[in-house]
Amino acid sequence: MRASRPADYEGRTPTRQVGQPASKTGPMHASSTPDDHPASRRPTLSVFALAVGIVFFAFSLTPSLIPRDYVLQGVLGGVVMALGYGLGQFGLLLWRYVELPLARDRLGRVLNALALVVAVGLALYFLLEVVDWQNSIRARVGMAPVDAAHPAYVALIALIVFTPLWIAGWAFQLLMDTLRRQLRRVIPVRLANLLGLALAAYVAWALIDGFVIQRFLAFADDAYGQASALFDPDIARPEAELASGGPVSLIDWNDMGRWGRNFAATGPDADAISAFTGRPAKEPIRVYVGRNSAPTPAERTEIAFAEMLRTGAFERKVLVIAMPVGSGWLDAGSHDPLEIMHDGDIATVAVQYSYLTSWISLVFETDAGLDQAQTLFDRVYRHWRSLPEDRRPELYLHGLSQGALVSQSSVDLLTLMAAPIDGALWAGPPFASGLWGRITRARAPDSPYWLPQVNDGEVVRFVNQDTDVLDDAAHRWGPVRIVFLQYGSDPIVFFDPLSALRR
């Protein structure tokens, strides 16, 4: 009989009989398996895990709510393929850990080859279909179709992205194996395997979160910051007394950033408004503080507030607190019409909180936007509330995309009960918007998720490109008017992991 000994994490029990001397390489190397042999220190591909990764890549090609060019599709495919490969490896580890039977020798090679052939066939079929899938979406949004080389570019980029990620995964496995082997010397085998996995995961996460992500954010922030500092030769510094960045402004034109300078200098002036409406008009006030103006949200807010006092922003008919997207951009389509509608008797204040494009800022710098929105709103609202009611301007909030998310987060509805603002327009609110989510869940049962109806529309209304319920004669507005503008095809608004489980 063979002595009963604990199995290692691959599920193989060493074959040394009682009394038989151990191998010179140590008891755990009695079996020349790929996982325990020194050769495993070289990068090797698991055929089964590769097949799983290729299947993941294939399904990453399926159409989504928005079109993808070959660069985005290829990068996404490579990342998803690496994720599938890692899950395949982890599945094998668990299979071996619970000591389930493994196909060996020729049968194992045949099954692996069969899995790989099926996976490659599936990927080739999906690559042949991806042109039609992408063009079906592009036709609906008026974009030019992709060309016939699209699948080849996608596959090449995916392979380029997958390779370093696979090497990083191999390095993680090498670290885990090294740790568990060292731990086996002092604790039982299975506990050593689990602890080795946990320690390796901790080291990897500390490295990614503390080094890779931070270096990436620093690089991206620096790159976007330098791009923001570039001057558009077509945008001249404004000379008007009320203009942010002008000769008497408290805000330095050089610190406003690209989008701040564009916002302050390109809106309609009083003459343009009068020419359009045929009525007398005032010069609109646009206050914009760039992130370079001060290091903290509170300091940037104080600069904005001082500029509002200088320009008489609180003396206008309408006052808008606008939160830009992550990069600092504000949509002219939101502000130009409003200034024309009110004959220029309006002031808008905005403060930049990031240089990063919205998706990066949304994932990694959400707190920066929330802090800035909260600080700015509190400062403006506190002063606005101190004014006599008959001398207060109408106060509105506005934000687009990530700006809508942070703008919503700045509002405490309980605080507003005593002195409510006049309303808000939030366009394209991201799926993480808490207030949007709560209101959407409170919709009437017979109204769709993508266009809710809440009570009788007295306070909140949802609109898209095909509906107009803002002037619905059957329903009257209350003292506070909140509008969500959203399109049913917008994945930033309607992203939900559970969508994978339903049509």
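Residues numbered from 1 in each chain as written. Predicted model: local features only at pLDDT ≥ 70, side-chain atom pairs only at ≥ 80, totals over all residues. Heavy atoms only, no water.

**Some remarks on the packing of helix α2 (residues 70-97) against helix α4 (residues 150-183)**
1) Next: Packing of α2 against α4 brings their axes to within 7 Å, and their N-to-C directions diverge by 35°. Note that α2 runs across α4; the crossing there is right-handed.
2) Next: Here the residues of the contact of α2 with α4 are counted per class, giving 17 nonpolar, 7 polar and no charged. (Axes fitted to C-alpha atoms, helices over the stretch in contact; angles between N-to-C directions. Helix = DSSP H or I, 4+ residues; strand = E, 2+ residues; numbered from the N terminus. Left-handed = near helix turned anticlockwise from the far one by under 90°. Nonpolar A, V, L, I, M, F, W, Y, C, P; charged D, E, K, R; others polar.)

**Details of a nonpolar patch on the surface**
1) Next: The grouping of Y70, V71, V75, V79, Y153 and L165 at the surface amounts to a nonpolar patch, some 480 Å² of accessible area in total.
2) Next: Of all the secondary-structure elements, those providing two or more residues to the nonpolar patch are α2 and α4.
3) Next: The dominant element in the nonpolar patch, judged by the number of residues it contributes, is α2, at 4 residues.
4) Next: Mapping V75 onto the fold places it in helix α2. (Patch = residues over 30% accessible without salt bridge, like charges linked within 9 Å, V, L, I, M, F, W, Y side chains within 5 Å. Areas by Shrake-Rupley, 256 points an atom, 1.4 Å probe, with all protein chains shown as cover. Salt bridge = Lys/Arg side-chain N within 4 Å of Asp/Glu carboxyl O.)

**Looking at the pairing of strand β2 (residues 318-323)**
1) Next: By the criterion of burial, β2 is predominantly enclosed, with 6 of the 6 residues buried.
2) Next: Residue alternation in β2 divides its side chains into two sets, V318, V320 and A322 and L319, I321 and M323, and both sets are buried.
3) Next: Looking at chain direction, β2 and strand β3 (residues 346-351) are connected through 4 bridges and run parallel. When the bridges of β3 are listed, L319 appears paired with A347.
4) Next: In this fold, the crossover linking β2 to β3 by way of helix α9 (residues 332-341) has right-handed handedness. (Buried < 20%, exposed > 50% of the residue type's maximum accessible area, 1.4 Å probe, protein only. Pairing = 2+ DSSP bridges. Right-handed = clockwise from strand over helix to strand, strands pointing away.)

**Points about unusual backbone geometry**
1) Next: Positive phi outside glycine occurs at S401, with the angle close to 60°.
2) Next: Tracing the backbone shows S401 in the loop between β4 (394-400) and α12 (402-409).

**Points about the pairing of β3**
1) Next: By the criterion of burial, β3 is predominantly enclosed, with 6 of the 6 residues buried.
2) Next: Relative to β3, strand β1 (residues 285-289) runs parallel, the two being bridged by 5 bridges. Pairing of Y288 across the sheet is with A350, part of β3.

**What about the packing of aromatic side chains?**
1) Next: Taken as a whole, this structure holds 15 aromatic pairs when the rule is applied.
2) Next: Where Y70 meets Y153, the ring centres are 4.8 Å apart and the plane angle is 40°; that geometry is what we call tilted. Placement of the pair is Y70 in helix α2 and Y153 in helix α4, with a sequence separation of 83 residues.
3) Next: We classify Y70 as partly exposed; its relative accessible area is 36%.
4) Next: For Y153, a relative accessible area of 38% translates into the label partly exposed.
5) Next: Here the aromatic residues F59, Y125, F126 and W133 are joined through ring pairs into a cluster of three or more.
6) Next: Geometry around F263 places R286 over its ring, the cationic atom sitting 4.5 Å from the centre.
7) Next: The lysine or arginine in question, R461, covers the ring of W477, its NZ or CZ lying 4.1 Å from the ring centre. (Phe/Tyr/Trp six-rings, centres within 6.5 Å; stacked < 30°, edge-to-face > 60°. Lys NZ or Arg CZ within 6 Å of the ring centre and 35° of its normal.)

**Concerning the side chain of S244**
1) Next: Tracing the sequence through the fold places S244 in the loop between α5 (189-229) and α6 (257-265).
2) Next: Here the side chain of S244 touches R286 through a polar contact of 2.8 Å, landing on its backbone oxygen.
3) Next: Discounting chain neighbours no more than four positions away, the residues touching S244 are P238, S249, I251, W253, M256, A264, R286, V287, Y288 and E307. (Polar contact = N/O pair within 3.5 Å; in protein donor to acceptor, adjacent residues only side chain to side chain. Contact = heavy atoms within 4.5 Å.)

**Here's the deal with the confidence of the model for the protein chain**
1) Next: Here the protein chain averages 83 in pLDDT, and 83% of its residues register 70 or above.
2) Next: This model gives residues 1-39 a pLDDT under 50, and the stretch forms 62 contacts once residues within four places in sequence are excluded. (pLDDT = per-residue confidence, 0-100.)

**Considerations on the sheet that holds strand β7 (residues 481-485)**
1) Next: Sheet architecture is open: 7 strands sit in the order β1-β3-β2-β4-β5-β7-β6, paired in parallel fashion. Bordering the open sheet on either side are β1 and β6 (460-463), each of which pairs with just one other strand. On average, adjacent strands in this sheet sit at an angle of 15° to one another, irrespective of strand direction.
2) Next: Here α12 sits on the sheet in contact with β2, β4, β5 (423-427) and β7, set at roughly 135° to β4.

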